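A structural walkthrough
Next come the chains, spelled out residue by residue.
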Amino acid sequence: MGSSLIAVSLFLRGRGVVITLTSLVFRFFELCRLEPVQIRPGIWQVQIEQSLMQELDGRRAGNRLLQFTFEQHLAKKYGAELICEGSYRSNTILRLIQKQGLLTRAYLPDYVFDQAMLQKRMLEKFPQGNRIYIVKYETVYDQHLWIQLLTTRWGLEKRETIADPLINLSTGEVSKFTISTRLFLQGLPNKNTVRTRKLSFKKAFAAAVNNLEQILAEENDEWAQISLQKLEKEQTKLDHFYEGRLDSKAYHLKTEEIKRRFLPKVEIDTLRAALLYIPLYRYRLIVVDRTGQEQNKCIYYDPISNSLALG
Amino acid sequence: MHWSFQTFSSPAEAKKTGQIFQETTLANFRVEALSDGFLTVISQLRAKQVDTWDWFLLGKEADQLIINQGKTNQLLAIDYLRELWEKMGVIPYPHQLSTAKKVIHEMQGQAILADEVGLGKTIEAGLILKEYLLRNLAKKVLILTPASLLWQWYHELYEKFNIAAGIQRSRWDWEFSDILIASLDTAKREPHASVISGIIYDLIIIDEAHKLKNSSTQAYRFVNSLQKKYCLMLTATPIQNDLKELYNLIALIKPGQLGSYRTFKKQFMESKRIPKNPRKLKGLLNKVMIRNKRGAGTVEFTKRIVNPIVISLTPAEQELYRRVTEFIRARSKNSGLKNILPLITLQREVCSSFLATGLTLEKMIVNLDNAEASEAASLLKDLADVKQNSKCDALEKLVRTLTDKVIIFTEFKASQKYIRYRLEKAGYFTVAFDGSLSRGKKQWVRSVFQKDAQILVSTESGGEGLNFQFCNQVINFDLPWNPMRLEQRIGRVHRLGQTRDVQIYNLITKGTIEEHIMFLLHQKINMFESIIGELDAILLHLKLGRSFEAEIMKIFLAHEEKELIREKLASFGDHFLEGQKQVKESSWDLL
């Protein structure tokens, strides 16, 4: 991997997944059912149809044989298009990818969890010596909205981050998404196992926003304080300039203008969303204690929190 | 077809309706949850347009990469444009890059770009615009220019920055075009002005901003009423006459930066033209204005090579020159120096072509008394009788020796026509350039000259603001008397992007005032070979400006002997050089 590629590597905190521009580009071609061919070390070639080329380069573009490289010296040497951080081609590809996959559906198959391990953990919930019998085991799928929220902090400069809360559409609970995305499968599980959602999408969005607002309220807001100080300074200058004309239209216009520029705010907008079906495991148990007394119990395993809870 | 691409914009790029879903105020900031992206997702859900999980994950990764790219303080535009610039031969200069960075990161997008002529203000503005577009900081952009520069802006943005801007043609364009180039003169008039005032722009760029120096003009009031987030004003001459002009320009960008006018006058104005507390003023100006100057540490320009060509007039031409000059002297004695302007014109024209002289005389004749009118009529008759033009003969001879493209400058349209007539007759492909051409035609002529024609014959007005770096030969068929105008001529080719030395050919008729002008501009001031930085400031400091020509004319009218004229012009030149020295040392250097 060349130094330019290392530079674009992005380490997703907490996920342990390294995304490189290279892998992203090849994945893009793969999803377009295109196979770039390496024609010499570091130089790839791919035939692109007009429709895709137009998406990349605008409506005047025609089909073409795209030669590309990730190394600047090779781009110069062979006249191939350079794909590196910020380059024209990387931008056109990234922007096109950004337009795709705005909404998807996927489910977590129930076979990914080791039942023996779960049952062992379940037993640990009860005092030793109790005998536990599983009377019934069922999987119900809860619908979740995994929403990608672009959070833009407008201060003296713009700072963007992405928040991705997961909203349970049955309970309204907002949590962090912690399951590996590789375990999910495209589509829907068996319809009979899906619980009806109780929350509208609008309410789910509101819940996600509220959750994000709480996080924002607790985080360091120095950026906003700096911007407020600047606003105050600019307002003083403006008041001085318009001395004696503070009720003029021009003064109000300029006041609005500096507020637009310096009044700190956070904008939250949805980038994309996934409707995820995540199983909830329900076990109906009969627990017989040392005295021989029987009790009916119900226990749930929630893969999101990775916890067992008595119902 | 295996894929089905979404062709609508992503929420990040989509036209924001600005519809707010939920709004909350926290301790130090406001939180606005927008509906735009969410509604896009919901509309897809309703239309059952569900994408694959793989595309979703890839899109998510792309979102993150794009955000990470935006975190850098480096200019994103540089990497984006690198290949395009290599193809186009565009080399961004360090001062242009540092200007763009400073405007974006330190000045929060509000600045006067006041580089000296030829240092690439348009490139700087284009770079800033591109950066804002790439960072999604600007979407609605308005570029206001003089009408003659609309197409130049269009081409510069398209060719050098891959920005497809629109040129305003109808009143609907204001709302529907995201990046629009328009003439300031059109924009300031109704019905356009009211429409524009209702739009909140992300970025407004105003070229030739010195036209907004007067706060009582319609243009000034119009620009002041525009709602904008970022604003760039481009001018090479932020001060033309007095400090109030500078104050007015700054007030458009950042009202209050220099206080109220009363406090500004008190704190910073010694007189109309001389500043007080220059250091403090400079400190305040530096926060809103960037002025890059030629010289060490900025840009290395190619050489200017001067080739004077002295032409001897025929006895008949010499005699006519003498008679016209005498007519001018006599007229100046009769009418005094109040109406000196037509006489200056006539004196300059007689060194250019008799056709131009004749046309001016013809216009003057109606206002002359009988004796003068009869002398003018006799002159007109004799001018028409002269069949030879030694200057044009010399021009033809010179052009024969030049193989590459050449621009011939003349001050007069009549001379321009005559030159073209002669050169076309001699078999050259020429094109004409002047202020009367329409916007599109100017650009068309420029492109014909670049691709096909060998010779462009241009008048002064046609030259302003247009670049011809692809040409490196200039012929001054006649000489402008004002160094500013001479610099503008040479500046058309001797600017950033010129890779070859520039050859300047000056045609000087022996025994005429041109010899004296050449002495002043070349030998005394050294205008041709070196670029005199702060020329505008020097002229202003010496209170010369437009009166530069008048001063020369006064010397010429007051003295008849060649040696005396030369002596007086030499001392005028010394005065200029002294002014140059004072400007360097004085507080004008605050710019």
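Computed from a predicted model, the values in this text were never measured in an experiment. Numbering of residues starts from 1 in each chain and follows the order in which that chain's sequence is written. Working convention: letters from A go to chains and numbers from 1 go to ligands, in the order in which they are written. Given that this is a predicted model, residues contribute local features only at a pLDDT of at least 70 and side-chain atom pairs are listed and counted only at 80 or more, while totals for whole chains, interfaces and linings are drawn from all residues. Hydrogens and water are ignored here; the side-chain numbers use all heavy atoms of the structure.

All names here are of chain A. Spatially, four strands are ordered 3-4-5-6 in an open sheet, and the strand pairing comes out mixed. Two strands close off the open sheet at either side, each with one partner strand: strand 3 (37-40) and strand 6 (81-82). By the convention used here, strands pair only if DSSP detects at least 2 bridges between them. Runs of H or I in DSSP of at least four residues are treated as helices and runs of E of at least two as strands, each being numbered from the N terminus. Alignment of strand 3 against strand 4 (residues 43-48), held across three bridges, turns out to be antiparallel. In the sheet register, arginine 40 faces strand 4, and the bridge partner there is isoleucine 43. When checking whether two residues touch, look at their non-hydrogen atoms; a contact exists if any pair is within 4.5 Å. Axis definition: a line fit to C-alpha positions, over the contact stretch in the case of helices; interaxial angles, taken between N-to-C directions, run 0 to 180 degrees. Where helix 3 (residues 50-57) meets the sheet, its contacts fall on strand 4 and strand 5 (64-69), and the angle it forms with strand 4 comes to roughly 115 degrees.

On to the side chain of B:Ser415, then. All names here are of chain B. Summarising the element assignment, serine 415 is placed in helix 19 (residues 413-425). Under the rule applied, a polar contact is a pair of N or O atoms within 3.5 Å (in protein, one hydrogen donor and one hydrogen acceptor; residues adjacent in sequence only if both atoms are side-chain atoms). At 2.9 Å, the side chain of serine 415 and the side chain of serine 353 are in polar contact. Apart from the residues lying within four places of it in its own chain, the contact partners of serine 415 are Ser352, Ser353, Ala356 and Thr410.

Moving on, we come to the interface of chain B and chain A. Facing the 92 residues of chain B at the interface are 96 residues of chain A. Once two parts are brought into contact, the accessible area they lose, counted with a 1.4 Å probe and summed over both, makes up the buried area. Here chain B and chain A share an interface that buries about 8900 Å² over both sides, 61% of which is from carbon and sulfur atoms. A side-chain nitrogen of Lys or Arg and a carboxyl oxygen of Asp or Glu constitute a salt bridge if their distance falls within 4 Å. The tally of links from chain B across to chain A stands at five salt bridges. Among the salt bridges present, the one from A:Arg27 reaches B:Asp54, with a minimum N-O distance of 3.2 Å.

What follows deals with the pattern of salt bridges. What the rule picks out here adds up to 40 salt bridges over all chains. Put simply, B:Lys160 and B:Glu156 hold a salt bridge, and the shortest N to O gap is 2.9 Å. Of the two residues, B:Lys160 and B:Glu156 both sit in helix 6 (residues 150-161), four residues apart, roughly one turn of that helix. Assigned by exposure class, B:Lys160 and B:Glu156 land together as buried. Sharing partners across several salt bridges, the network here consists of A:Lys265, A:Glu267, B:Glu23, B:Arg30 and B:Glu32. Each residue gets one of three labels from its accessible area relative to the maximum for its type: buried under 20%, exposed over 50%, partly exposed in between, using a 1.4 Å probe on protein chains only.

Moving on, we get to helix 14 (residues 315-335) of chain B. An α-helical segment advances 3.6 residues per turn. Residues three or four places apart therefore align on the same side. Any helix carries an expected span of 1.5 Å times its number of residues minus one. Given a rise of 1.5 Å per residue, 21 residues ought to cover 30 Å, and the 30 Å separating the end C-alpha atoms of helix 14 of chain B matches this to within 8%. Packing partners of the buried residues in helix 14 of chain B comprise helix 15 (340-350), helix 16 (354-364), helix 17 (370-385), helix 18 (390-401), helix 23 (513-524) and helix 25 (548-558) of chain B.

Residue and element names in this part refer to chain B. As summarised here, the arrangement of the six strands in space is 10-15-14-11-13-12, forming an open sheet in which the pairing is parallel. If you trace the sheet from one side to the other, it starts and ends with strand 10 (304-311) and strand 12 (430-433), each paired once. For this sheet, the mean angle separating the axes of adjacent strands, direction not counted, is 20 degrees. Two elements, strand 11 (residues 406-410) and strand 14 (residues 473-476), share three bridges in a ladder whose sense is parallel. The residue of strand 14 that forms the bridge with isoleucine 408 is isoleucine 475. Helix 18 contacts strand 10, strand 11, strand 13 (455-459), strand 14 and strand 15 (502-509) of the sheet and is inclined by roughly 155 degrees relative to strand 15.

Quick look at the pairing of strand 7 (residues 200-206) of chain B now. Residues and elements named next belong to chain B. With six of seven residues buried, strand 7 is to be regarded as a mostly interior element. Alignment of strand 4 (residues 141-145) against strand 7, held across four bridges, turns out to be parallel. Residue pairing in the sheet places valine 141 in a bridge with leucine 203 of strand 7. Here strand 7 runs beside strand 8 (residues 227-234); their pairing, made up of six bridges, is parallel. By the bridge assignment, tyrosine 201 is partnered in strand 8 with lysine 228. We call a crossover right-handed when, viewed with the strands running away from us, the connection from the first strand over the helix to the second turns clockwise. Following the chain from strand 7 across helix 10 (residues 218-225) to the adjacent parallel strand 8, one finds a crossover that is right-handed.

Before going further, it helps to examine the environment of B:Cys392. Residue and element names in this part refer to chain B. By the secondary structure assignment, cysteine 392 is in helix 18. Along the backbone, cysteine 392 and phenylalanine 477 are 85 residues apart, and their C-alpha atoms lie at a distance of 8.5 Å. In contact with cysteine 392, not counting residues within four places along its chain, are Tyr418, Ile419, Arg422 and Phe477.

With that settled, the discussion passes to the packing of aromatic side chains. Residue and element names in this part refer to chain A. Each aromatic pair joins two rings of Phe, Tyr and Trp (for Trp, the six-membered one) with centres within 6.5 Å, and gets the label stacked for planes under 30 degrees apart, edge-to-face for over 60, and tilted for any other angle. Within this structure, the stated rule accounts for 41 aromatic pairs over all chains. Plain terms: the ring middles of phenylalanine 28 and phenylalanine 29 are 5.4 Å apart, the flat faces sit at 55 degrees to each other, and that makes the pair tilted. Judged by its relative accessible area of 1%, phenylalanine 29 falls in the buried class. On the basis of an interplanar angle of 80 degrees and a centroid distance of 5.5 Å, the ring pair of phenylalanine 113 and tyrosine 281 is categorised as edge-to-face.

Here we come to the side chain of B:His95. Relative to the elements of secondary structure, B:His95 occurs in helix 4 (residues 94-105). Leaving out residues up to four positions away in the same chain, B:His95 has contacts with B:Asp115, B:Leu119, B:Glu124, B:Asn292, B:Val299 and B:Leu496.

Right, let's talk about the confidence of the model for chain B for a bit. Residues and elements named next belong to chain B. The predicted model of chain B has a mean per-residue pLDDT of 84, with 89% of residues at 70 or higher. Each residue carries a pLDDT score, the predictor's confidence in it, ranging from 0 to 100. In the predicted structure, residues 8-15 sits below a pLDDT of 50 and forms 24 contacts with residues beyond four places in sequence or in another chain. Quick note on the complex model: pTM equals 0.75, ipTM equals 0.91.

Residues and elements named next belong to chain B. Orientation of helix 14 relative to helix 17, taken along the N-to-C sense of each, is 160 degrees, at an axis distance of 11 Å. Compared by their axis directions, helix 14 and helix 17 come out roughly antiparallel. Along this stretch, helix 14 crosses helix 17, giving a crossing that reads as left-handed. For the pair helix 14 and helix 17, the contacting residues are Leu320, Arg323, Val324, Phe327, Ala330, Arg331 and Asn334 in the first and Glu372, Glu375, Ala376, Ser378, Leu379, Asp382 and Leu383 in the second. Roughly parallel covers angles under 35 degrees, roughly antiparallel covers those over 145, roughly perpendicular covers 65 to 115, and oblique covers all other angles. The handedness criterion is simple: a crossing whose near helix is rotated anticlockwise from the far helix by less than a right angle is left-handed, and one whose near helix is rotated clockwise is right-handed.

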